[in-house]
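So you can see what is in the structure, the chains are spelled out below.
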Amino acid sequence: MQEFMDIYKNNIKDIENFLVETIFNLGNLSERENKKFINVFKVFPSLELMYVCDEESMLQLSQNIYRNKTSDIPIGRDRNYLLEKVQFDSTNIAISKAYISSATGETCITVAKKENGKIYFLDFNISALLKRLGLIEIHNGFNLVSKSFYFITASIMMVLALFTIGYAMYEFINSLLFKEGLTIELIFKPVIALTLGLAIFDLAKTVFAQEVVFKSYSKNSNAEYKVLTKFSITIIIAMLIESLMVVFKIAIDDYSHMVHAFYLIGGVSVLILALGLFIYFTKKKI
């Protein structure tokens, strides 16, 4: 929902202009009141609730009229508190700030229009409104399939990460207890396995968080850059540890092969440079 609010705030002027112009072009809402504003609901797929109040007393005159139902309970309710949320302009139309609707439990904004001694209130669902204007993309069926796939994949990755970490600990304890001598290689190999396990788990956690728990709907989301950067840094750390192990091993066994360690460290340095350029240009683009 925070993402929806950020998108809404970034496009608030265009959204408000769209609502004001469309409602103004609809003409008198009072002419549509007898048919329970059916035509208004057709024009606004994001409209979830309408009701009418007396302009002077601010008592609700009509039912709560939803898209597919009505409710008589709010009739006669004092709505004076709503005037604190809106400020009418020269067109007698006002738009509130975003809030949680007590009627629907959804985040919405209210548009109010003065007309013939009455005030017509229209509640718009923010997520549906953003979708209607093409600022976010939501397809419920595909979204369910997508979330299910990411959930299964991320769960399997987490299990494999735990197996990798478990194998690293098992190999280290087994080598320490049942093999003779404590070597640099014996210490570094579990460290590399632990680092890779951490990288896999971190990637799975990021996928789970962004695609399952807090699904990103924004067209301009930069989350994929963050995932790639985070994963690349972890892999580079693992390769640096491996390079350090190779240097120690060659230094102990045979200095003539030190050039191979140099090539390995050079390759990792190129990766670090490429990642640095990627981060620089990504931030510059953002």
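Predicted model, so just to flag it, every value in this text is computed and none were measured.

What counts and how
- Residues numbered from 1 in each chain as written.
- Predicted model: local features only at pLDDT ≥ 70, side-chain atom pairs only at ≥ 80, totals over all residues.
- Heavy atoms only, no water.
- Helix = DSSP H or I, 4+ residues; strand = E, 2+ residues; numbered from the N terminus.
- Buried < 20%, exposed > 50% of the residue type's maximum accessible area, 1.4 Å probe, protein only.
- Contact = heavy atoms within 4.5 Å.
- Areas by Shrake-Rupley, 256 points an atom, 1.4 Å probe, with all protein chains shown as cover.
- UniProt positions renumbered as here; feature names shortened; annotations may be inferred.
- Core = buried A, V, L, I, M, F, W, Y, C linked by side-chain atoms within 4.5 Å.
- Salt bridge = Lys/Arg side-chain N within 4 Å of Asp/Glu carboxyl O.
- Phe/Tyr/Trp six-rings, centres within 6.5 Å; stacked < 30°, edge-to-face > 60°.
- Lys NZ or Arg CZ within 6 Å of the ring centre and 35° of its normal.
- Expected span 1.5 Å × (residues − 1).

Undergrad: Whenever I open this one, the overall build of the protein confuses me. Can you help?
TA: Assigned secondary structure in the protein consists of eight helices and seven strands. Residues counted as buried form 35% of the 286 residues belonging to the protein. Counting only contacts in the protein whose residues sit at least 6 apart along the sequence, the fraction spanning at least 24 positions is 56%. On the protein, roughly 17400 Å² of surface is accessible, and the fraction owed to carbon and sulfur atoms is 63%.

Undergrad: What's the story with the UniProt feature "transmembrane region" (unreviewed entry) in the protein in this structure? I'm lost.
TA: Per the UniProt record, the feature "transmembrane region" (unreviewed entry) sits at residues 149–170, 190–208, 228–252 and 258–281. The span residues 190–208 shows a helical share of 100% and a strand share of 0%, and its end C-alpha atoms are spaced 26 Å apart. Secondary structure content for residues 228–252 is 100% helix and 0% strand, and the end C-alpha separation is 36 Å.

Undergrad: Even after reading the chapter, I still don't get the environment of F124, so can you show me in this structure?
TA: Assignment of secondary structure puts F124 in strand β7 (residues 118–125). Between the C-alpha atoms of F124 and M50, which are 74 residues apart in sequence, the distance is 9.2 Å. Every residue in contact with F124, bar those within four places of it in the chain, is listed here: L19, I23, F44, S46, L47, E48, T107, C108, I109 and V111.

Undergrad: Whenever I open this one, the nonpolar core confuses me. Can you help?
TA: In globular proteins that are soluble, nonpolar side chains generally tend to be buried together. Formed by 28 residues in total, the largest nonpolar core has its most connected members in L19, F37, V40, L122 and F124. For this core, the secondary-structure elements that each account for two or more residues are α1 (2–10), α2 (12–25), α3 (38–43), β1 (47–54), β4 (93–95), β6 (107–115), β7 and α4 (126–132). By residue number, the principal contributor to this core is α2, which donates four residues.

Undergrad: Explain the pattern of salt bridges to me, please; I cannot follow it from the model alone.
TA: This structure, assessed with the given rule, holds four salt bridges. Across the salt bridge formed by K114 and E55, the nearest N and O atoms sit 3.9 Å from each other. Remark: E55 occurs in the loop between β1 and β2 (64–66) and K114 occurs in strand β6; sequence separation between them is 59 residues. What makes K114 partly exposed here is its relative accessible area of 28%. One salt bridge in this structure joins E115 and K113, with 3.2 Å as the shortest N-O distance. One exposure class covers both E115 and K113, and it is buried.

Undergrad: Is there a simple way to explain the packing of aromatic side chains in this structure?
TA: Aromatic ring pairs are reported here in terms of the distance separating the ring centres and the angle at which the planes meet. This structure, assessed with the given rule, holds eight aromatic pairs. With a centroid separation of 6.3 Å and 85° between ring planes, the pair formed by F18 and F44 is classed as edge-to-face. One end of the pair, F18, is in helix α2; the other, F44, is in the loop between α3 and β1, and 26 residues separate them in sequence. Judged by relative accessible area, which is 23%, F18 ranks as partly exposed. Centre to centre, the rings of F37 and Y120 are 6.0 Å apart; their planes meet at 85°, and the pair counts as edge-to-face. With F37 in the loop between α2 and α3 and Y120 in strand β7, this pair connects stretches of sequence that are 83 residues apart. On the accessibility criterion, F37 (0% relative accessible area) is buried. Of the residues examined, Y120 reaches a relative accessible area of 1% and is grouped as buried. Following the ring pairs from residue to residue traces out a cluster consisting of F18, F44 and F124. Over the aromatic face of F88 sits the side chain of K114, whose NZ or CZ is 4.5 Å from the ring centroid.

Undergrad: Got a minute to help me understand α2 in this structure?
TA: Note on helix geometry: an α-helix contains 3.6 residues per turn, so any two residues three or four positions apart are oriented the same way. Counted at 1.5 Å a residue, the expected span for α2 with its 14 residues is 20 Å, and the 20 Å between its end C-alpha atoms agrees. Those residues of α2 that sit buried are I15, L19, V20, T22 and I23. Two residues or fewer after α2 comes G27, characterised by a positive phi angle close to 85°.

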